[in-house]
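Structure assessment
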Amino acid sequence: MKEPDGRSRRCLLKASSLLGLAAAFRPATIGEAFADSRIAGNEDTMTRTGATQAADKTTIRPFQVNVPEAELTELRRRINSTRWPDRETVTDESQGVPLATIQELARYWGTDYDWRKCEAKLNALPQFITEIEGLDIHFIHVRSKQENALPLIVTHGWPGSVIEQLKIIDPLTNPTAHGGSASEAFHLVVPSLPGFGFSARPTASGWGLERTANAWVVLMKRLGYAKFVAQGGDLGAGVCTVMAKHAPPELLGIHTNFPGTIPANIARALQCGDPPPSGLSADERRAYEQLTNLFAKKRAYAQMMATRPQTLYGLTDSPVCLAAWLFDHGDGYGQPAAPITSAVLGRTINGHSAGDLTRDDVLDDFTLYWLTNTAISAARFYWELHLNLYNAANVSIPAAVSVFPGENYQAPRSWTERAYDKLIYYKKVDKGGHYAAWEQPQLFSEELRAGFRSLR
């Protein structure tokens, strides 16, 4: 048998470290997600839901959040009973979330934080549940007062939830109050991914990007939308990509702030750990260096969830363990966690502003994961992912791309034009990062208005 050459051997050695290039999704059951985590709505709401479901599983049922006070008391007890390790043996964040940082966050979470404020925000919005392919899907649905508004479905990522999108709802559905025109309004649908938040937790494998993308088309048609557009970042970008690849006739186009653009030859060089290929432009070389750093140093959490999600039992047993896992991203004070760190610490870290993101916003999201017991089901989403989110999307329907300076890498226009055959919009904006809708809701909303303008 022929001995592999040096480059082939390096490719083989690098392959395992690049599992983070792919990620995944799966299903659940809404009744389960609520019953098991004891977060069902009030008793009357649950009774109505059960009766309606028995009559017609495709019915769209109203939903409200009403967490029992005992659950919040138990959360605070667990936070305040945390068994702490020794402090890190370094003076920076290179070993993970510093002890002093997580202890201060836990102190606030266990004493001063008020989940009821988040609950009130959610319940002020029209929330619903409907069953698709045997799985209950939770979603927020806000129709604009403008009847000719463009229907839009926006998909969150990890470690996000629908809480990521709360601040863009009014700017998108009511643009005249936020510097836009009535003609730029959207009817907005914001679903919880399978196994996340108030969507049900899958009890069997198979709810990956493909099934989720199909479910979103079913959902939009069930809501009466004959034509619509889709948006996503992080894992939500994967959903949009698959929707675009399927190209259902109802889908007019997509927008993403996390574009998949890496050309095949560049992907091979990255996989082998090669230096930047010759002939790259300045933008392409910078992107190559960002990606090299990303795959070498910042994907351990993704590799764990993509290969051994069930092993992460501590995320369901300790709220502080869960918070540290969601908070860190394995990248210290770099992207994509830097704005979250800035929000939690109340000061700008390494030049990465929190923008509109606050400490309470972050804890709203963490608390949602805890109360719904979805840390493991959300992690399995990565295990289900069989699409490389970074590689060229290769979709042929109209696509708009916004490149934020704090993203994992800044997609060059040259790569983007090759990855999206009908690129209708491309812009590099001047602020914001991986969680653009959370960090810069006004700017993010303006990008969506501009990106989809030609499709109205």
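I will try to describe carefully the structure that is included in this document. (Residues numbered from 1 in each chain as written. Predicted model: local features only at pLDDT ≥ 70, side-chain atom pairs only at ≥ 80, totals over all residues. Heavy atoms only, no water.)

1. Some words on the overall build of the chain
Assigned secondary structure in the chain consists of 20 helices and 11 strands. Taken over 456 residues, the chain has a buried fraction of 57%. Of the contacts made within the chain by residues no fewer than 6 positions apart, 78% connect residues no fewer than 24 positions apart. Carbon together with sulfur atoms contributes 50% to the accessible area of the chain, which is approximately 18,200 Å² in total. (Helix = DSSP H or I, 4+ residues; strand = E, 2+ residues; numbered from the N terminus. Buried < 20%, exposed > 50% of the residue type's maximum accessible area, 1.4 Å probe, protein only. Contact = heavy atoms within 4.5 Å. Areas by Shrake-Rupley, 256 points an atom, 1.4 Å probe, with all protein chains shown as cover.)

2. Some thoughts on helix α8 (residues 209–222)
Taking 1.5 Å per residue as the helical rise, α8 with its 14 residues ought to reach 20 Å, and the 20 Å between its terminal C-alpha atoms agrees with that figure. Among all positions of α8, only L209, T212, A213, A215, W216, V217, L219 and M220 are buried. Of the residues trailing α8, G224 is marked for its positive phi of about 95 degrees. (Expected span 1.5 Å × (residues − 1).)

3. Here's the deal with the pairing of strand β5 (residues 150–155)
Counting buried residues in β5 gives 6 out of 6 residues, a clear majority hidden from the surface. Here β5 shows a buried face lined by L150, L152 and V154 and a second buried face lined by P151, I153 and T155. Pairing of β5 with strand β6 (residues 186–191) involves 4 bridges; the strand directions are parallel. Looking at the pairing, P151 lines up with H187 of β6. Sheet topology note: the β5/strand β7 (residues 228–232) ladder contains 4 bridges and is parallel. Its bridge partner lying in β7, I153 is registered against A230. (Pairing = 2+ DSSP bridges.)

4. Observations concerning empty space enclosed by the protein
Within this structure, the stated rule accounts for 3 cavities of 30 Å³ or more. Volume-wise, the largest cavity comes out at about 100 Å³. Lining the largest cavity are 15 residues, with E164, Q165, G233, N257 and H434 positioned closest to its centre. Looking at the lining of the largest cavity, the elements with two or more residues in it are β5 and α19 (436–439). Residues belonging to the lining of the largest cavity are distributed by class as follows: 5 nonpolar, 8 polar and 2 charged. Space inside the second largest cavity adds up to approximately 80 Å³. Lining the second largest cavity we find 11 residues, and of these D234, F258, R299, Y382 and Y390 sit closest to its centre. A breakdown of the residues in the lining of the second largest cavity according to their chemical character gives 7 nonpolar, 2 polar and 2 charged. (1 Å grid on protein atoms, 1.4 Å probe; cavity = no way out; pocket = protein on both sides within 12 Å on 5 of 7 lines; lining within 4 Å. Points joined across faces, edges and corners; volume = space filled by probe spheres on them. Nonpolar A, V, L, I, M, F, W, Y, C, P; charged D, E, K, R; others polar.)

5. Quick notes on the pattern of salt bridges
Considering all chains together, one arrives at 19 salt bridges under this definition. Across the salt bridge formed by E69 and R76, the nearest N and O atoms sit 3.1 Å from each other. For E69, a relative accessible area of 42% translates into the label partly exposed. In this structure R76 comes out as partly exposed when scored by relative accessible area, which is 27%. E74 serves as the salt-bridge partner of R78, at 2.9 Å between the closest nitrogen and oxygen. Taken as a pair, R78 and E74 lie in helix α4 (residues 69–80) at a separation of 4 residues, close to a single helical turn. What you see here is one network of salt bridges that share partners, running through E69, R76, R116 and E119. (Salt bridge = Lys/Arg side-chain N within 4 Å of Asp/Glu carboxyl O.)

6. Looking at the sheet that holds β7
Spatially, β2-β3-β4-β6-β5-β7-β8-β10-β11 is the arrangement adopted by the 9 strands of the open sheet, whose pairing is mixed. Looking at which strands have only one partner, the edges of the open sheet turn out to be β2 (61–62) and β11 (420–428).

7. Details of the packing of helix α14 (residues 319–328) against helix α16 (residues 359–372)
Where α14 meets α16, the closest approach of the two axes is 10 Å, and the angle between their N-to-C directions is 130 degrees. Accordingly, the angle class assigned to the pair α14 and α16 is oblique. The chirality of how α14 crosses α16 is right-handed. Facing α14, whose interface residues are P319, L322, A323, L326 and F327, α16 presents F366, Y369 and W370. Grouping the amino acids of the contact of α14 with α16 by side-chain chemistry returns 8 nonpolar, no polar and no charged. (Axes fitted to C-alpha atoms, helices over the stretch in contact; angles between N-to-C directions. Parallel < 35°, antiparallel > 145°, perpendicular 65-115°, else oblique. Left-handed = near helix turned anticlockwise from the far one by under 90°.)

8. Some words on the nonpolar core
Ranked by size, the top nonpolar core spans 130 residues in total, and within it W115, W158 and M243 carry the most contacts. Beyond its immediate stretch of four places on either side in the chain, W158 contacts F196, D234, L235, Y301, M305, W325, L326, H329, Y369, A378, Y382 and Y435. (Core = buried A, V, L, I, M, F, W, Y, C linked by side-chain atoms within 4.5 Å.)

9. Section: unusual backbone geometry
Across the junction of W158 and P159, the peptide omega takes the value 0 degrees, indicating a cis bond. Positionally, P159 belongs in the loop between β5 and α7 (169–173). Not every positive phi belongs to a glycine, and D234 is a case in point at roughly 55 degrees. Within the element layout of this structure, D234 appears in the loop between β7 and α9 (235–246). A relative accessible area of 10% means that D234 is categorised as buried.

10. Some words on the environment of D56
Structurally, D56 is set in the loop between α3 (43–55) and β2. In this structure the C-alpha to C-alpha distance between D56 and T130, which are 74 residues apart in sequence, comes to 9.9 Å.

Keep in mind that these numbers describe shape and distance, not what the molecule does.
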